[in-house]
Amino acid sequence: VQLQASGGGLVQAGNSLRLSCTASGLDYRAYTVAWFRQAPGQEREFVAGSRRGGTSNHYTDSVKGRFAISRDNSKNTVILQMDSLKPEDTAVYYCAASRTVILSSLTRAQAYDHWGQGTLVTVSS
């Protein structure tokens, strides 16, 4: 199983980025998928998640209305569209997947079995 994250980069505040995470060795349709981020010196935090089957999406409060998680099942890819970026969004972003995570554990990194390698997002002011 491999998750390959891509799409990070350097952007100015107010601009957009689109992150992708393509899976091999698993079918995303059977998995809950999520994006986490980790800024220097900070713990990894939940950003957005899409429950198995795409039944519902969840976001941390700081990104609601700016970020959107979606699935492209034809490409076995999960996308994080990030708009109106702020300097505080600067972090390494990781995609994650789990078949067994329950709703109450959706935001816990320990609940996920598979992780991508991370992609750096830097937002300048």
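Look above for the structure.
(A) Representation of the overall build of the protein chain. The number of helices and strands found in the protein chain is zero helices and 11 strands. In the protein chain, the succession of α and β elements from N to C terminus is β-β-β-β-β-β-β-β-β-β-β. Radius of gyration (C-alpha) of the protein chain: 13 Å, near the 14 Å computed for a compact globule of 125 residues. Taken over the C-alpha atoms alone, the protein chain extends approximately 40 × 30 × 25 Å along its principal axes. Within the protein chain, the proportion of its 125 residues that are buried is 41%. Taking contacts inside the protein chain between residues at least 6 apart in sequence as the whole, the part at least 24 apart equals 57%. As displayed, the protein chain has an accessible area near 6,300 Å², and 44% of this comes from carbon and sulfur atoms. Side-chain charges of the protein chain comprise 13 positive and 9 negative groups, with the mean position of each set lying 6 Å from the other.

(B) Examining the pattern of salt bridges more closely. In this structure the tally under the stated criterion is five salt bridges. Between Arg66 and Asp89 there is a salt bridge, with the nearest N and O atoms lying 2.8 Å from each other. Of this pair, Arg66 sits in the loop between strand S6 (57-59) and strand S7 (67-72) while Asp89 sits in the loop between strand S8 (77-82) and strand S9 (91-98); the two residues are 23 residues apart in sequence, bridging distant segments of the chain. Summarising the burial analysis for this pair, Arg66 and Asp89 share the class buried. Ionic contacts of the salt-bridge type, sharing partners, join the residues Arg37, Glu45, Arg66 and Asp89 into one network.

(C) Structural context of the nonpolar core. With 28 residues, the main nonpolar core has Tyr28, Trp35, Leu80, Met82 and Tyr93 as its most contacted residues. For this core, the elements supplying multiple residues, two or more each, are strand S1 (2-6), strand S3 (17-24), strand S4 (32-38), strand S5 (45-50), S7, S8, S9 and strand S11 (119-124). Judged by nonpolar contacts, the second largest core, of eight residues, contains Ala34, Phe36, Val101 and Tyr112.

(D) A look at the state of the cysteines. Tallied over the full model, the rule gives one disulfide. The partner cysteine of Cys21 in its disulfide is Cys95, sulfur to sulfur 2.0 Å. Where Cys21 bonds to Cys95 through sulfur, the torsion about that S-S bond is close to 55°, and the disulfide is right-handed. In this pair, Cys21 is assigned in strand S3 and Cys95 in strand S9, connecting sequence segments 74 residues apart. Classification of Cys21 by relative accessible area gives buried; the value is 1%.

(E) Looking closely at the environment of Ala34. You can see Ala34 is positioned in strand S4. Assessed through its relative accessible area of 1%, Ala34 is described here as buried. For the pair Ala34 and Gly49, spaced 15 residues apart in sequence, the C-alpha separation works out to 4.0 Å. For Ala34, the residues in contact, after removing those within four places along its chain, are Phe46, Ala48, Gly49, Ile69, Tyr94, Cys95, Ala96 and Tyr112.

Quick notes on the rules
Residues numbered from 1 in each chain as written. Predicted model: local features only at pLDDT ≥ 70, side-chain atom pairs only at ≥ 80, totals over all residues. Heavy atoms only, no water. Helix = DSSP H or I, 4+ residues; strand = E, 2+ residues; numbered from the N terminus. Rg over C-alpha atoms; globule rule 2.2 N^0.38 Å. Buried < 20%, exposed > 50% of the residue type's maximum accessible area, 1.4 Å probe, protein only. Contact = heavy atoms within 4.5 Å. Areas by Shrake-Rupley, 256 points an atom, 1.4 Å probe, with all protein chains shown as cover. Lys, Arg positive; Asp, Glu negative; His and termini not counted. Charge placed at Lys NZ, Arg CZ, Asp CG, Glu CD. Salt bridge = Lys/Arg side-chain N within 4 Å of Asp/Glu carboxyl O. Core = buried A, V, L, I, M, F, W, Y, C linked by side-chain atoms within 4.5 Å. Disulfide = S-S within 2.5 Å.

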